[in-house]
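Coordinate inspection notes
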Amino acid sequence: MANKSTTKTDKAERAARAAIEEAATAVSRAKKAAKALPSKQARSLDDYIDDARSAADVSKKKVKRKPKKVAKTAERAARRLERAVATAAAAAERKARLRAEARRAAAEAEKAQQDAAARAAEAKALRKAARRAEKEAARAELDAAAADESLAAELTAPAAVEEVAAETDENDTDAPAPSIAAAEALAETTAPVSSTAADAGLAELTVAQLRARAREAGRTGYSRLTKAQLIDLLS
């Protein structure tokens, strides 16, 4: 019986010493892990480390006297410390991930703002260019219209001058310019005496209009006559 009792006691003491060693190892790992954690998560392990250290710091006398209690306390402290280290590490990892995501989101937001600003500047430049192009197009249309009018005037003027010149040459070749007396005599023989109202109507016409009248009436030699002579010719 004594041998069996001694065997059980030795077994309980070995279990207690193993639990104490496990708690001490947990303390060592926790202290090492705390150095890599942020200060807040590292501080959260302090109480668990102290509990495990206390559970591992047991006298031999207490181990001999209450080995099962010592083992149970050490095992529980070691497990609690290990769970606390895992929780702190997970929290630190999650926090680091969230910070990385926040930095990435901030970078993307900044880039989006820069892109938006660039697009706004580009749109503004395009609107400005469009307005400038519209003004230039309107100015070009005005210039084109003015050029068309000028060209039309240039094309029309020579034709009118040539027509007048041709008529003048034709009239000049028909007969020499008569004297005033000859014109009066011709007028007396070719036309009846007009009334005062008709003379007044002719007097209101220009030389060019009078010559046109003379041409229509079939008169000749009128190109060098004065206005008075033309009126006499047509009267």
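Each value, and the rule that gives it
- Residues numbered from 1 in each chain as written.
- Predicted model: local features only at pLDDT ≥ 70, side-chain atom pairs only at ≥ 80, totals over all residues.
- Heavy atoms only, no water.
- pLDDT = per-residue confidence, 0-100.
- Helix = DSSP H or I, 4+ residues; strand = E, 2+ residues; numbered from the N terminus.
- Contact = heavy atoms within 4.5 Å.
- Patch = residues over 30% accessible without salt bridge, like charges linked within 9 Å, V, L, I, M, F, W, Y side chains within 5 Å.
- Areas by Shrake-Rupley, 256 points an atom, 1.4 Å probe, with all protein chains shown as cover.
- Salt bridge = Lys/Arg side-chain N within 4 Å of Asp/Glu carboxyl O.
- Lys, Arg positive; Asp, Glu negative; His and termini not counted.
- Charge placed at Lys NZ, Arg CZ, Asp CG, Glu CD.
- Axes fitted to C-alpha atoms, helices over the stretch in contact; angles between N-to-C directions.
- Parallel < 35°, antiparallel > 145°, perpendicular 65-115°, else oblique.
- Left-handed = near helix turned anticlockwise from the far one by under 90°.
- Nonpolar A, V, L, I, M, F, W, Y, C, P; charged D, E, K, R; others polar.
- Buried < 20%, exposed > 50% of the residue type's maximum accessible area, 1.4 Å probe, protein only.
- Polar contact = N/O pair within 3.5 Å; in protein donor to acceptor, adjacent residues only side chain to side chain.

A few points about the confidence of the model for the chain
Of the residues in the chain, 76% have a pLDDT of 70 or more, and the chain-wide mean is 81. Averaged pLDDT values over the elements of the chain bottom out at 49 in helix α6 (residues 180-190) and peak at 94 in helix α3 (residues 46-56). When the criterion is pLDDT under 50, residues 189-194 qualifies, and its contacts beyond four places in sequence or with other chains add up to 6 contacts.

Focus: a positive patch on the surface
Judged by side-chain charge, K124, R127, K128, R131, R132, K135 and R139 come together as a positively charged surface patch. In this structure, R139 sits in helix α5 (residues 67-174).

Notes on the packing of helix α8 (residues 207-216) against helix α9 (residues 227-234)
With their axes 10 Å apart at the nearest point, α8 and α9 run at an angle of 30° to one another. The angle between α8 and α9 falls in the class roughly parallel. Regarding α8 and α9, the two cross each other, and that crossing is left-handed. Only K227, L230, I231, L233 and L234 of α9 make contact with α8, whose side of the interface consists of V207, L210, R211, R213 and A214. The residue inventory of the contact of α8 with α9, partitioned by class, reads 7 nonpolar, no polar and 3 charged.

Here we look at the pattern of salt bridges
Throughout the structure, instances matching the rule amount to 6 salt bridges. Of the charged contacts, one joins E13 and R17 as a salt bridge, the two residues approaching to 3.9 Å between their closest N and O atoms. You can see E13 and its partner R17 sitting in helix α1 (residues 2-36), 4 residues apart, about one turn around the helix. Given the relative accessible area of 44%, R17 is considered partly exposed. In this structure, D51 engages R80 in a salt bridge whose closest nitrogen and oxygen atoms are separated by 3.8 Å.

Description of the side chain of S235
With respect to the secondary-structure elements, S235 resides in the segment after α9. Given the relative accessible area of 16%, S235 is considered buried. One polar contact links the side chain of S235 to the main-chain carbonyl oxygen of I231, over a distance of 2.4 Å.

Some points on the environment of R53
For R53, the position within the fold is in helix α3. In terms of polar contacts, R53 uses its side chain to reach the side chain of D50, at 2.9 Å.

Describing the side chain of R219
Tracing the sequence through the fold places R219 in the loop between α8 and α9. An unpaired buried charge is present at R219: no salt bridge exists, and E216, the closest side chain of opposite charge, is 11 Å distant. A polar side-chain atom of R219 sits 3.3 Å from the main-chain carbonyl oxygen of A217.

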